[in-house]
Structures are given as C-alpha cells and as structure tokens.
Amino acid sequence: MKKSIPFSYVIVTGFMLFALFFGAGNLIFPALLGQQSGTNVLTANIGFVITGVGLPLLAILAFAISGKNDLQDLASRAHPIFGLAFTVILYLSIGPLFAMPRTGTVSFEIGIQPFLPADAGPWPLLIYSILFFGITCFFSLKPAKIVDVVGKYLTPALLLSIAVLIITVLVNPIGSPQDPTEAYSSNAFFKGFQEGYLTMDTLAAFVFGIIVINSVKNIGITDRKSILGFTWKAALIAAALLALIYTSLSYLGATSVAGIGLLDNGGAVLAGVSESYYGSFGNVLLGLIVLGACLTTSIGLVTACSSYFRRLLPKVSYNVIAIALSAFSAVVANAGLANIITFSVPVLTIIYPLAIVLILLTFLHNAFAGSRAVYLISLLFTFAVSLMEGLNAAGIPIQGVQDFLTDNLPLYSLGLGWLLPAIIGAVIGFIVHLATGSNRNELKNAGVR
C-alpha cells in the first residue's frame, strides 16, 4: 500500500526550504534594488524574482524529475569531469568561500555592529564569527533533525519578525518611489535579473533539493511520483513566501529614499527603515530578522556541503568536515561583507549560466533522448561566453574579445550573452547525436528512462 504524506509535513518542509533559501542576500539585495530602481521597482523586481525565485523552483523540480541522487550525478550527464568540477565549484561557492561566510558577516553588520562604538576594531566580528558558526556547527551535526529544527521552530519566528516590519511599511510607507538611478533607468528588468544571481539561490537549489527529497524518503516514501508531488508542493510554498517577501522588501526600499536618502548597501537601507519606524527597538527587531535568516541558511549550507564532501572524501567523517567548514567560514567572514561580495561576483557570473542551462536541459532531457552531445556542447558554448563575462566582472577583460562580443553577440551587454550560444550548442549537439546515432546502452548511460 502506498504510504500517504501528511499535508502538515509538506507545510513544515516548505517552511524549512524557505528558511534555507532566505539568508543574507535575500534580505539586503531586494531592499537595495528597491532604492535604486525607484519608480521602475515593479519591472526590476520581476526580473529579480525570476532569478531569485523562479529559477530555484525550477532547479528543485529538475532535480526531482531527473531521479538522480545528487548534483554530481546530474551534471555528469554532460561528462564525468564536468560533473565533478562543476559540483565542487558550486559547493565551494555556496559553502565556505562565499555564501556561508556572508551569513555570518551580514548578521554581524546589521544585527550587532549598530550597537558597537565606531572604534570597536576587529575583535567583535572575530568573536561573533566564532559564536555564530559554533551554533551553526552544533545544529549541523544532527542533519536528520534539520526539518524539525528549522521548519518547526526557526522559520515561524523568522516569518513573524519579518511580517511586523513589512506590514508597517505597507500600511504607512515613508514616502513615494523616487526617480531610478542610472543603472535602472533603462533595462530595469535585465538589471534586476542579474541582481538575482547574487542571492545564489539557483545554485543552492541543487543542494537544498537533495535535503527535501531525503526528508520525504526518511518517512518511508520511496515512490518516485509521490516524491515529485511532495517536492513540487513544498517548493511552491517556499517560492510563494520568497516572492512575497522579495516584492515587499523591494517596495520597502523604493519608498524609503525620501526619508533616509539613497544608501549604498541593503543592510543600511533596512537599518534606516527599521530605525525610522521603531527607533532603537527597530535595530533590535532587524537584528532578530537577520540573525534568524542567516542562521537557518548557514545550518542548511553546512549540512549540505558536509554531506557532499563526505561522499567525495569517504575517509573523512561528516562531523570532521562540518567542523572544518564552520571554522573556515568563520575565518573568511572576517574579510568583511564588501570584500566577500566583490570576490563572489565574477565566480557567480561564470557558473550561474551553466546552472541555468543545466536546469533547462534537464527538463528537455527526453526530448533529445538524453544525448550527452547536447549537454556537453551546449554547456561548453555557454561556458565560453560566461567566462568572458566573469573576467569582465573581475576587471580583467580580454579587451579585443570583449569588444567583439559586445558588438556582435545579442544580449551580451545585458549579461545574457550566453543564451544564444547555449541554444546553438544544443542544436549542434542534437545534430551530432542524430549523425552518430545512439544505441540503447548509450541512452541508458545518458539517463534516459
């Protein structure tokens, strides 16, 4: 008899998934986008929601549809070397190099720093990093309980704190949206689309999707159709919450300029708005929101990254890896938020298009008979362009190549120059597939079911 899944468990898992996604960048980037986009906030927010909500939702569903056990297996449909390299880089990006340290730094700069004297020096951040990642590590050492810890307790507290601030803004906005900055005066949609990269949620979705699928397997559900249905419902709950909060935070930013001025980072925007409404209590409220958001994401990231590197390094225990990742993240966090974001942008610019193309190809897998040539050539063409975009973002462009791509490749100046090459690569790959033919064993190895 097929075992049913309690709807209450779907809700709890959806809350857990929302909390895992909703971390540092999910707070600061929508608020800053709202300030900078001004009267174009709706258009910019749509672009942001597509990459910040739509793509992560598709990534989770793609993973569930694929039937694969982890990201490396899925990415290896192109080639085992690509599967390994892409997965390791992705886990390092959403783990100890960028996303995990960012959770600690953002929660410190928004929740703690406002209460410190200006000459406090580096020691408070160091002490806070040790405490923050110590708590993260403590919860991460019990990965089987992550649904209960995050979904039942931390998420409701986080949502309640956010709701207080957002309802206040909606009922009594500080002012009206102002004129957009130059970056958002034209092509606001595409600018918002690119800003959604910085949340890293599409990359994290490949990882958090595994947690969701394992959570339903842990209660005895093994039927693939039931797992897919459960994953879809839980992901939809998380996506709806994320879209609602992103839109509200964008509106918060857009209506705040008249009262607090145009600021240069989202943390300062949130702090200014909270203080405008609630005075010193606003800083406390905001600190609770940020701490809850960052802690839940940090726990999920350490859990997911430790599980993957445990598979990659079977001789090293899960606990040792979790402790090592937490300690390393505490060290990197002391580089400061601005430096972490600066270093992350080029890497995200390179790997995000690869993740998007992998998602789309996974949905179309059976349409091209799972041909490895389609995956490989499409991803290679994508990488060729995203690499140039990444070098440009890092301030080390190959000038002649950059000028050529800007003048001749559609959408390149908008950060979507990889789109047409990805399509061309897929078409070429399919032609190669038809020309060379594929026997049943090749189709089986490619993952066709």
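Residues numbered from 1 in each chain as written. Predicted model: local features only at pLDDT ≥ 70, side-chain atom pairs only at ≥ 80, totals over all residues. Heavy atoms only, no water.

(A) Here's a closer look at the pattern of salt bridges. Here the structure, examined in full by the defined rule, presents 3 salt bridges. Of the charged contacts in the structure, one is a salt bridge between Arg311 and Asp70, with a shortest N-O distance of 1.8 Å. Placement of Arg311 in helix α15 (residues 280–312) and of Asp70 in the loop between α3 (41–66) and α4 (71–75) is noted, with a sequence separation of 241 residues between them. Between Glu195 and Lys191 there is a salt bridge, with the nearest N and O atoms lying 3.5 Å from each other. Taken together, the residues span about one helical turn, with Glu195 and Lys191 both in helix α10 (residues 188–195) at a distance of 4 residues. Residue class for Glu195 comes out buried when judged on its relative accessible area of 15%. For Lys191, a relative accessible area of 26% gives the class partly exposed. Each of Asp70, Asp73 and Arg311 takes part in a single network of salt bridges with overlapping partners. (Salt bridge = Lys/Arg side-chain N within 4 Å of Asp/Glu carboxyl O. Helix = DSSP H or I, 4+ residues; strand = E, 2+ residues; numbered from the N terminus. Buried < 20%, exposed > 50% of the residue type's maximum accessible area, 1.4 Å probe, protein only.)

(B) Structural view of the confidence of the model for the protein. Within the protein, residue pLDDT values average 87, and 93% of them lie at 70 or more. Overall, residues 439–444 carries pLDDT values under 50, and its contacts beyond four positions in sequence, including any with other chains, amount to 4 contacts. (pLDDT = per-residue confidence, 0-100. Contact = heavy atoms within 4.5 Å.)

(C) Quick peek at the side chain of Ser140. Position of Ser140 among the secondary structure elements: in helix α7 (residues 123–140). For Ser140, a relative accessible area of 0% corresponds to the buried category. A distance of 3.5 Å separates the side chain of Ser140 from the backbone oxygen of Ile299, its partner in a polar contact. Sequence-distant contacts of Ser140, defined by excluding residues within four places in its chain, comprise Ile299, Val302, Thr303 and Tyr318. (Polar contact = N/O pair within 3.5 Å; in protein donor to acceptor, adjacent residues only side chain to side chain.)

(D) Summary view of unusual backbone geometry. Within the chain, Met200 stands out as a residue other than glycine whose phi angle is a positive 65°. Within the secondary structure, Met200 sits in the loop between α10 and α11 (201–217).

(E) Focus on the packing of aromatic side chains. Within the structure shown, the criterion is met by 19 aromatic pairs. Between Phe189 and Phe190, the aromatic rings sit 5.3 Å apart at their centres with planes inclined by 85°, giving edge-to-face as the arrangement. Accessibility expressed as a relative area gives 25% for Phe189, which makes it partly exposed. Judged by its relative accessible area of 22%, Phe190 falls in the partly exposed class. Through a chain of ring-to-ring contacts, three or more aromatic side chains come together here, namely Phe189, Phe190, Phe193, Tyr197 and Tyr352. (Phe/Tyr/Trp six-rings, centres within 6.5 Å; stacked < 30°, edge-to-face > 60°.)

(F) Inspection of the nonpolar core at higher detail. Membership of the largest hydrophobic core comes to 129 residues, with the highest contact counts inside it found for Phe18, Phe22, Phe86, Ile94, Phe206 and Phe208. A per-element tally of this core places α15 first, with 14 residues. (Core = buried A, V, L, I, M, F, W, Y, C linked by side-chain atoms within 4.5 Å.)

(G) Fine view of the packing of helix α6 (residues 99–111) against α7. For the pair α6 and α7, the least separation of the axes is 10 Å and the interaxial angle reads 125°. If you check the angle between α6 and α7, you find them oblique. In the packing of α6 onto α7, the handedness of the crossing is right-handed. For the pair α6 and α7, the contacting residues are Met100, Pro101, Thr103, Gly104, Ser107 and Phe108 in the first and Pro124, Leu125, Tyr128, Phe132 and Phe133 in the second. Class assignment of the residues belonging to the contact of α6 with α7 gives a composition of 8 nonpolar, 3 polar and no charged. (Axes fitted to C-alpha atoms, helices over the stretch in contact; angles between N-to-C directions. Parallel < 35°, antiparallel > 145°, perpendicular 65-115°, else oblique. Left-handed = near helix turned anticlockwise from the far one by under 90°. Nonpolar A, V, L, I, M, F, W, Y, C, P; charged D, E, K, R; others polar.)

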